[in-house]
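Breakdown of the fold
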Amino acid sequence: MTTQLYTNARIFTADTRRWAEALLVQGERILYVGDAATAERLRPDAERVDLGGRLVVPGFVDGHAHVVGTGEALGQVSLWGAKSVEEIQQRIQARDTERPDADRILATGWLHGAIPGGVPDAGMLDAAVQDKPVYAFAYDFHSVWVNSAALAELGIDDHTENPHGGTIKRDSQGHATGYIDENAFYDMVLPFLDSQVSENEHMSSIAAVQQAYRETGVTTACDMGFNETDLEAFKRADKDGTLTSRLIAYWRVNNSGSPEENIAQVQRAAALAVEQESPFLRVVGIKVIIDGTIDGCTATLGMPYADGSNAEPIWTLGELAPVVAAADTAGLKVAMHAIGDESVRIAIGAVEHAVAQNGPRERRHRIEHLELVDRADVDRLAALGITASMQPVHADPAISENWRAKLGDDRVERGFAWPWITDAGARLAFGTDSPTSPHAPLPNMYVATTRASALDESAGTNVPEFALPLAESIEHATRDSAWTCGAENHLGRLAAGLYADFAVLDTDVFANENPRVLLEAKVARTVVGGRTVYENPATA
């Protein structure tokens, strides 16, 4: 068994002793982290790796990601930063010109604020491409905008019914407009597109996201929405030994409208949690989506939007409570997407029900996003031990204009209130929600520590008093994300006995007073299980 001594470095451990100067790795795990003299005595024959005075941080644990979707998005038309329908059309037309033989065009990342009125229609995409289906996923991945050819391919017509918790948008004559959201998107569009992707294409998407993670220091990702297709592809990659980042999966449970069907989905997740466990692939819980997004006016709020509208939840408390209780009984961790303050209350109520029904036990339930929350509800979730899983990049001021306009009042001043979570004593986990946002963790840390934009320096700040110190932000994106998945004894910190998963940065982001260094720093080396899986030739 080989032993490496990493030295001449500043090591941020994210542990109780935050800083060290040497890291001793034996096989896959850390033997010692601390001072160099002790490390030398412990293993005088260790292979020495001089890191040239660079900064070492624990491998980032993306607390909320869609891993296969991230790999797929890397090959799709990027609509990020497009400020108008015309710019979106130009990018899609360019892809059609580049790949004229493609069966369909997939694009991702459009913002509601780029569309007049925030609601697109098929005609806008028909003007760009008519002869093949076009699918454009909104940046939040809660809706899809399609052209007429895609509507025909999907078989959606005037008589197609809305599924439970989803909508096929229609005009005043009842014709589908080409805008499909929530469960209509998840239940009707995504399964069809999955069925059109070959096994080799799935494997290519996994390979692409693995490369992206290696280059940016992500050593573990918590997948929020794992399904059968994803499972089979990742099992194959795990068996082939091609995974270079660990995946902790939450099984997607859709509200079918049938209590029996909903519980059957929980039972499937419980079986997988027992069957599927390896160092690189584990199923630990379930994921439910209680509401939509503020940008799309599908998040459920305690008070109406600025236009007087509101949205019904995808799961009512009566529907959700037995699902959470069943998962809790099975020892599963429950992740609940809740963006609006009323949906946060539904999530808290479901956990309260599980506690009352099942009694004392260890729990690691979590609420995802919490973009708008009441301070009193933060105290409630903290007392119940619920983790707040949030994504700093969603607070980027460059994408906040439409979000703020939809609320239209002083609620915008309590958006993404990270310090409320920690002040209340709750656990806070950070992720990116890629591909709804870029997957790289360092820009995520920039937004967390400044509330400024990683996309547009001129965009100003977004409630700057909610910014967090850098050390805390990295701990939320490593240690705390690992803890909420039940992986704290294996990863998320640099401590003896844990996996040797870490990233070496070419810049000491703690030592530089200018926070923009987080946007400029590069990963020089990524190590997973004691094995160097990436070395950046530009930093050699």
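Keep in mind that this is a model prediction, so the values were computed, not measured.

The next subject is the overall build of the protein chain. If you tally the helices and strands in the protein chain, you get 18 helices and 23 strands. For the protein chain, whose C-alpha radius of gyration is 23 Å, the value lies close to the compact-globule estimate of 24 Å for 540 residues. Split into buried and exposed, the 540 residues of the protein chain put 61% on the buried side. Taking the intrachain contacts of the protein chain between residues at least 6 apart in sequence as the baseline, contacts between residues at least 24 apart amount to 72%. With the model as given, the accessible surface of the protein chain reaches about 20,100 Å², and the carbon-plus-sulfur share is 49%.

Grouped together as the largest cluster of nonpolar side chains are 122 residues, with contacts concentrated most on Y135, I180, I286 and M336. Those residues in contact with M336 that lie beyond four places of it in its chain are V288, I290, L320, V324, A347, V351, R366, I367 and E368. Within the second largest apolar cluster, 19 residues are counted, among which are V77, I88, I92 and W110.

Orientation of helix α7 (residues 199-216) relative to helix α8 (residues 228-240), taken along the N-to-C sense of each, is 70 degrees, at an axis distance of 10 Å. Judged by the inter-axis angle, α7 sits roughly perpendicular to α8. Note on packing geometry: the crossing formed by α7 with α8 is right-handed. Between α7 and α8, the residues in contact are E199, N200, H202, M203, I206 and Q210 and T229, A233, F234, R236 and A237, respectively. Here the residues of the contact of α7 with α8 are counted per class, giving 5 nonpolar, 4 polar and 2 charged.

Turning to helix α3 (residues 85-98), a few remarks are in order. Structurally, the α-helix is built with 3.6 residues per turn, so residues lying three or four positions apart point the same way. With 14 residues, α3 extends 20 Å between its outermost C-alpha atoms, agreeing within 8% with the 20 Å of an ideal straight helix rising 1.5 Å per residue. Within α3, burial applies to V85, I88, Q89, I92, R95 and D96. One face of α3 carries all of its buried residues, which in axial projection span an arc of 125 degrees. Turned more than 90 degrees from where α3 packs its buried face, Q90, T97 and E98 sit exposed. Tucked inside the fold, the buried residues of α3 contact β7 (77-78), β8 (105-110), α4 (122-126), β9 (134-138) and β10 (143-146).

Across the sheet, which stays open at both edges, the 6 strands sit in the order β7-β8-β9-β10-β12-β11 with mixed pairing between neighbours. Of all strands in the sheet, those bounded by a partner on one side alone are β7 and β11 (166-170). Each of β7, β8, β9 and β10 touches α3; the most contacted strand, β8, lies at about 150 degrees to it. Seen against the sheet, helix α6 (residues 183-195) touches β9, β10, β11 and β12 (176-182) and runs at an angle of roughly 100 degrees to β12.

Within the fold, P133 resides in the loop between α4 and β9. Residue classification places P133 among the buried residues on the basis of a relative accessible area of 10%. Sequence separation between P133 and L154 is 21 residues, and the spatial gap between their C-alpha atoms is 9.5 Å. Setting aside residues no more than four positions away along its own chain, P133 makes contact with D103, R104, I105, N147, A149, A150 and E153.

Let's shift gears to unusual backbone geometry. Note the cis peptide between S434 and P435, where omega equals 10 degrees. In this structure, F141 is a non-glycine residue whose phi angle is positive, near 60 degrees. For F141, the location among the structural elements is in the loop between β9 and β10. Note on F141: relative accessible area 18%, which makes it buried. Positive phi outside glycine occurs at L370, with the angle close to 45 degrees. Counting through the fold element by element, L370 comes out in the loop between β18 (366-369) and α12 (375-383).

Residue placement: R252 occurs in strand β14 (residues 246-252). Despite its burial, R252 remains without a salt bridge, the nearest opposite charge being carried by D187 at 5.6 Å. In this structure the side chain of R252 is engaged in a polar contact, spanning 2.7 Å, whose partner is the side chain of N254. Once residues lying within four places of it in the same chain are set aside, the contact partners of R252 are N183, Y186, G225, F226, Q265, K287 and I289.

A few words now on helix α10 (residues 317-329). The terminal C-alpha atoms of α10, which comprises 13 residues, lie 18 Å apart, in line with the 18 Å expected from a rise of 1.5 Å per residue. Where α10 is concerned, the buried positions are L320, A321, V323, V324, A325, A327 and D328. On its buried face, α10 sits against α9 (259-275), β16 (281-289), β17 (333-338) and α11 (341-358). Of the residues one or two after α10, G331 is the one with positive phi, at around 80 degrees.

A few words on the pairing of strand β3 (residues 22-26). In terms of burial, β3 is a largely internal element, 4 of the 5 residues being buried. Pairing geometry for strand β1 (residues 3-12) and β3, over 4 bridges, is antiparallel. Among the inter-strand pairings, T3 is bridged to a residue of β3, identified as Q26. Linking β3 to strand β4 (residues 29-34), which pair antiparallel, is a turn of 2 residues; within it G27 sits at a positive phi near 65 degrees.

Burial analysis of β16 places 9 of its 9 residues in the buried class, the great majority of the element. With 6 bridges joining them, β14 and β16 adopt parallel strand pairing. Bridging from a neighbouring strand, Y250 pairs with G285 of β16. In this sheet, β16 lies alongside strand β15 (residues 277-278) in antiparallel orientation, the contact comprising 2 bridges. Pairing of S278 across the sheet is with L281, part of β16. From the end of β15 to the start of β16, which pair antiparallel, there are 2 residues. Here β16 pairs with β17 via 5 bridges, running parallel. From the neighbouring strand, G285 faces β17, where its bridge partner is K333. Considered for its hand, the β-α-β crossover made up of β16, α10 and β17 is right-handed.

Calculation criteria
- Residues numbered from 1 in each chain as written.
- Predicted model: local features only at pLDDT ≥ 70, side-chain atom pairs only at ≥ 80, totals over all residues.
- Heavy atoms only, no water.
- Helix = DSSP H or I, 4+ residues; strand = E, 2+ residues; numbered from the N terminus.
- Rg over C-alpha atoms; globule rule 2.2 N^0.38 Å.
- Buried < 20%, exposed > 50% of the residue type's maximum accessible area, 1.4 Å probe, protein only.
- Contact = heavy atoms within 4.5 Å.
- Areas by Shrake-Rupley, 256 points an atom, 1.4 Å probe, with all protein chains shown as cover.
- Core = buried A, V, L, I, M, F, W, Y, C linked by side-chain atoms within 4.5 Å.
- Axes fitted to C-alpha atoms, helices over the stretch in contact; angles between N-to-C directions.
- Parallel < 35°, antiparallel > 145°, perpendicular 65-115°, else oblique.
- Left-handed = near helix turned anticlockwise from the far one by under 90°.
- Nonpolar A, V, L, I, M, F, W, Y, C, P; charged D, E, K, R; others polar.
- Expected span 1.5 Å × (residues − 1).
- Arc of directions from axis to C-beta.
- Pairing = 2+ DSSP bridges.
- Lys, Arg positive; Asp, Glu negative; His and termini not counted.
- Salt bridge = Lys/Arg side-chain N within 4 Å of Asp/Glu carboxyl O.
- Polar contact = N/O pair within 3.5 Å; in protein donor to acceptor, adjacent residues only side chain to side chain.
- Right-handed = clockwise from strand over helix to strand, strands pointing away.

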